[in-house]
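# Reading the structure
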Amino acid sequence: MEHWNSTLGRGFILMGILNDSGSPGLLCATMTVLYMLALTSNGLLLLVITVDVWLHMPMYLLLRQLSLMDLLFTSVVTPKAIIDFLLSENSISFGGCAFQMFLALTVGGAEDLLLAFMAYDRYVAICYPLNYMVLMRPRVCWLMMVTPWVLASLNALCHTLYTMHFPFCMSRNINHLLCEIPPLLKLACEDASRYELMLYVTGVTFLIPPLVAILASYTLILLTVLHMPSNEGRQKALVTCSSHLTVVGMFYGAATFMYVLPSSLHSPKQDNIISVFYTIVTPALNPLIYSLRNKEVMRALRRVLRKYML
């Protein structure tokens, strides 16, 4: 079978969800609206937390990182998908595919680790409020913000380089919204079963320990909240934690489906739906989930709007 790679000057064709949809125009319009919502809401949250000094606390600094990751994640995928549909041009170069894969893996992996750190932050704030500023001192907070980026980028670089070293068959069609490892490996001419096993191990390593840490943190939080004498304090803690758990459920559900479930359980249509969910829908909903249910963020938003609009 004839092989091809970047030396032949050829790229891939992204056969995303818009090509398989019965109403591609409506779906494209929906994706555009969600992308604009993600840009606006995440950008506004970044601005509010950066400008308002009352939000310069570990919880909100970590939330700012989440907004930045969501903004980057959706921008890596959505604009190209929309423009390709409008121009009827779905091609992506070999280097462009590798770069998109690296960015998506970096931001996705960083968000995975950041959510665990955010759970720890809530655990310390609710279970050890008197020691909060000691346990979450600035140095610890900065480590929590930097560590996900460093570990995720190293992991993404290794996987991107190894995935793109495979020789690919004549078929250039990737049945996916973006360049991601599972659909790309289906085009490899060499046996990739060992690498798929390594990918599974890496996925479990990156997803399961943070998820266990999150569940353990919220179990301890729930036990503490149930013993709170103040009904107002109990309600505030539950609202904050339920927002975080909603985000965790959406992110880890999609990531587990893509990188932990065996490839035999995947289908191009399911993968495309899941990819739309975690690259477009979740980044648009995350800031709304956090801001609309957080009185401090809403008060800060009003302060910033009054300051810059008057």
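What you see is a predicted model, and the numbers here were worked out from it, not measured in a lab. (Residues numbered from 1 in each chain as written. Predicted model: local features only at pLDDT ≥ 70, side-chain atom pairs only at ≥ 80, totals over all residues. Heavy atoms only, no water.)

### Quick notes on the overall build of the chain
Spelled out, the test is: Only DSSP runs of H or I with at least four residues qualify as helices, and only runs of E with at least two residues qualify as strands; both kinds are numbered from the N terminus onward. C-alpha atoms define the radius of gyration in this analysis, and the globule rule sets the expected value at 2.2 Å times the number of residues to the power 0.38.
Per the secondary structure count, the chain includes eleven helices and three strands. Along the chain, helices (α) and strands (β) appear in the sequence β-α-α-α-β-α-α-α-β-α-α-α-α-α when read from the amino end. Expected size for 310 residues packed as a compact globule is a radius of gyration near 19 Å; at 21 Å, the chain falls within 12% of this value. Overall size of the chain, expressed as C-alpha extent along the three principal axes, is 70 × 45 × 35 Å.

### Some details on helix α3 (residues 58-87)
This is how the line gets drawn: Residue count minus one, scaled by 1.5 Å, sets the expected span of a helix. At any given residue, the bend is defined as the angle formed between two axes, one fitted to the seven residues that end at that position and one fitted to the seven that begin there. Throughout this description, buried means an accessible area under 20% of the type-specific maximum (1.4 Å probe, protein chains only), exposed means over 50%, and partly exposed covers the range between.
Given a rise of 1.5 Å per residue, 30 residues ought to cover 44 Å, and the 44 Å separating the end C-alpha atoms of α3 matches this to within 8%. S75 marks where α3 bends most, by close to 35°; the proline P79 follows one to four residues later. Counting buried positions over the 30 residues of α3 gives 21, a clear majority of the element. A positive backbone phi angle near 55° is found at S88, which sits one or two residues after α3.

### So, the state of the cysteines
Short version of the rule: Throughout, a disulfide means two cysteine sulfur atoms within 2.5 Å of one another.
The full count for this structure, using the stated rule, is one disulfide. The disulfide partner of C97 is C179, and the gap between their sulfur atoms is 2.1 Å. Taking the torsion about the S-S bond as the criterion, the C97 to C179 disulfide, at about -120°, is left-handed. Remark: C179 occurs in the loop between β3 (173-174) and α7 (181-185) and C97 occurs in helix α4 (residues 94-127); sequence separation between them is 82 residues.

### Observations concerning unusual backbone geometry
Positive phi is not limited to glycine here, since S88 has a value of about 55°. Considering the arrangement of structural elements, one finds S88 in the loop between α3 and β2 (91-92).

### Overview of helix α8 (residues 193-226)
Spanning 34 residues, α8 covers 48 Å between terminal C-alpha atoms, matching the ideal 50 Å at 1.5 Å per step. Along α8, the residues classified as buried are Y195, L199, T202, G203, F206, L207, P210, I214, S217, Y218, I221 and V225.

### Remarks on the nonpolar core
One broad trend across soluble globular proteins is that nonpolar side chains are buried collectively. Spelled out, the test is: Definition used in this section: a nonpolar core is a set of buried Ala, Val, Leu, Ile, Met, Phe, Trp, Tyr and Cys residues joined via side-chain atoms within 4.5 Å. Note on contacts: a residue pair is in contact if any heavy atoms of the two residues lie within 4.5 Å.
Counting residues in hydrophobic clusters, the biggest one holds 91 residues, and the most contacted among them are F12, L115, L177 and L184. The element best represented in this core is α4, accounting for 18 residues. Excluding its chain neighbours within four sequence positions, the residues that come into contact with L115 are L66, I214, H244, V247, V248, F251 and Y252.

### Observations regarding empty space enclosed by the protein
Selection criterion: Cavities and pockets are found on a 1 Å grid laid over the protein atoms alone: a cavity is a set of points where a 1.4 Å probe fits but cannot escape, a pocket is an open set with protein on both sides within 12 Å along at least five of seven lines, and a lining residue has an atom within 4 Å of such a point. Grid points are joined across faces, edges and corners, and a volume is the space filled by probe spheres set on the points. Gly falls in the polar group here, along with every residue not listed as nonpolar (Ala, Val, Leu, Ile, Met, Phe, Trp, Tyr, Cys, Pro) or charged (Asp, Glu, Lys, Arg).
On inspection of all chains with the given rule, the structure shows four cavities of 30 Å³ or more. Space inside the largest cavity adds up to approximately 340 Å³. As for the largest cavity, its lining consists of 21 residues, and the residues nearest its centre are L105, G108, G109, A255 and Y259. At the level of secondary structure, the elements contributing two or more residues to the lining of the largest cavity comprise α4, α6 (138-163), α8 and α9 (231-259). Class assignment for the residues of the lining of the largest cavity results in 13 nonpolar, six polar and two charged.

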